[in-house]
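Coordinate inspection notes
One letter stands for each residue in the lines below.
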Amino acid sequence: METDHAREAAAVRELATRLGLPGIVDVHTHFMPANVLDKVWAYFDGAGPLVGREWPIAYRHDEEERVRRLRDFGVLAFTSMLYPHKPGMAAWLNGWATDFAARTPDCLHTATFYPEPEAADYVAAAIERGARVFKSHVQVGDYDPRDRLLDPVWGQLQDARIPTVIHCGSGPAPGRFTGPEPIRTVLQRFPRLPLIIAHMGMPEYGEFLDLAASHEAVHLDTTMNFTAFSDEMMPMPADQVRRLGDFGDRILFGSDFPNIPYPYLEAVEAVTGLGLDGSWQRAVLHDNAVRLFDLSDLRVG
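Before going into details, it helps to say that this report is about the structure given with it. (Residues numbered from 1 in each chain as written. Predicted model: local features only at pLDDT ≥ 70, side-chain atom pairs only at ≥ 80, totals over all residues. Heavy atoms only, no water.)

With that out of the way, let us pick up the sheet that holds strand E9 (residues 251–252). Strands pair in a sheet through their backbones, by hydrogen bonds, and they do so in one of two ways: parallel or antiparallel. The strand order across the open sheet built from six strands is E4-E5-E6-E7-E8-E9, with neighbouring strands paired in parallel fashion. Each edge of the open sheet is held by one strand with a lone partner, namely strand E4 (110–112) and E9. Looking at chain direction, strand E5 (residues 133–137) and strand E6 (residues 164–167) are connected through four bridges and run parallel. What sits directly across from lysine 135, in E6, is valine 165. On top of the sheet, helix H9 (residues 205–214) reaches strand E7 (195–197) and strand E8 (218–221); it is set at about 145° to E8, its chief contact. (Pairing = 2+ DSSP bridges. Helix = DSSP H or I, 4+ residues; strand = E, 2+ residues; numbered from the N terminus. Contact = heavy atoms within 4.5 Å. Axes fitted to C-alpha atoms, helices over the stretch in contact; angles between N-to-C directions.)

Printed below as a string of structure tokens:
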């Protein structure tokens, strides 16, 4: 008998096939040390203040099973988004992420940082070891991206042209340093800095689209957007949805797997159901990430 997972995996693959794609690139998936992920899940289970509502984890499986499920969905490449919430944590997380990438060849080697004196050194070390994307979580880390301790980090990432997926919007709950203004200041200092605005900057959609319009290295990811779950809280206004066609080369698919409270298929269908044409959908689900991360040698697993 076909399992629910097998049916879902077949549906995701069929969707990609209909678009003429070999699969999907997901720039926003979470893999981290088991003890850290357990604490993240416990926070979601308790509907902590940065969550603010019931949030069941849909893919609460061990690491091997989570990797297998992404591959079953036809995800050709994915990330291991991880992030510190205090000093002295980022370098250790980067060590774990280096090992994870080494044993998981379809994972884009991910790293992170925190505003601390050591940041420039361990970011340089992560780049030397092959990091291809960084994660910054302004909300959870509760830090100001304008902190001068991060200037050498932003400078290195700008020079190396390595993107940072940055959760800087004020959803699902605002933080002390969330919103577009801190990022606008960072981009004034580092105008060529490659940023991927997580969740499309939810709920400050228009302001972050404006930043992308004025900075060609700024991208946005679709993580959790356009789903029924997010639309209950912070729907994108119709006038901003209409703008998305103008950013066809700057939007990347992200899911937040495994920490989503709905099926993976829903995350994909949320993007394909916007009424934008097939070329836009192909770009978002695959082509833009292939170009940004130079993944032209991707093959179906």
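The rest of the description comes next.
So, about the environment of histidine 199. Note on placement: histidine 199 falls in the loop between E7 and H9. A residue is classified by how much of its surface remains accessible, and histidine 199, at 9% relative accessible area, is buried. Histidine 199 sits 34 residues away from valine 165 along the chain, and the two C-alpha atoms are 9.7 Å apart. Not counting residues within four places of it along the chain, the set of residues in contact with histidine 199 comprises His28, His167, Tyr205, Asp221, Thr223, Met224, Asn225 and Asp256. Among the polar contacts made by the side chain of histidine 199, one reaches the main-chain carbonyl oxygen of threonine 223 at a distance of 2.9 Å. (Buried < 20%, exposed > 50% of the residue type's maximum accessible area, 1.4 Å probe, protein only. Polar contact = N/O pair within 3.5 Å; in protein donor to acceptor, adjacent residues only side chain to side chain.)

This next bit is on the packing of aromatic side chains. Where two aromatic rings form a pair, the distance of their centres and the angle of their planes describe that pair. Tallied over the entire structure, the rule returns 14 aromatic pairs. Aromatic side chains tryptophan 55 and phenylalanine 229 sit 5.0 Å apart centroid to centroid with 75° between the ring planes, which places their arrangement in the edge-to-face category. Of this pair, tryptophan 55 sits in the loop between helix H2 (34–45) and helix H3 (63–72) while phenylalanine 229 sits in helix H10 (residues 228–233), placing them 174 residues apart in sequence. What makes phenylalanine 229 buried here is its relative accessible area of 11%. Between phenylalanine 253 and tyrosine 264, the ring centres sit 6.1 Å apart and the planes meet at 80°, which makes this aromatic pair edge-to-face. With phenylalanine 253 in the loop between E9 and helix H12 (264–272) and tyrosine 264 in helix H12, this residue pair connects regions lying eleven residues apart in the sequence. (Phe/Tyr/Trp six-rings, centres within 6.5 Å; stacked < 30°, edge-to-face > 60°.)

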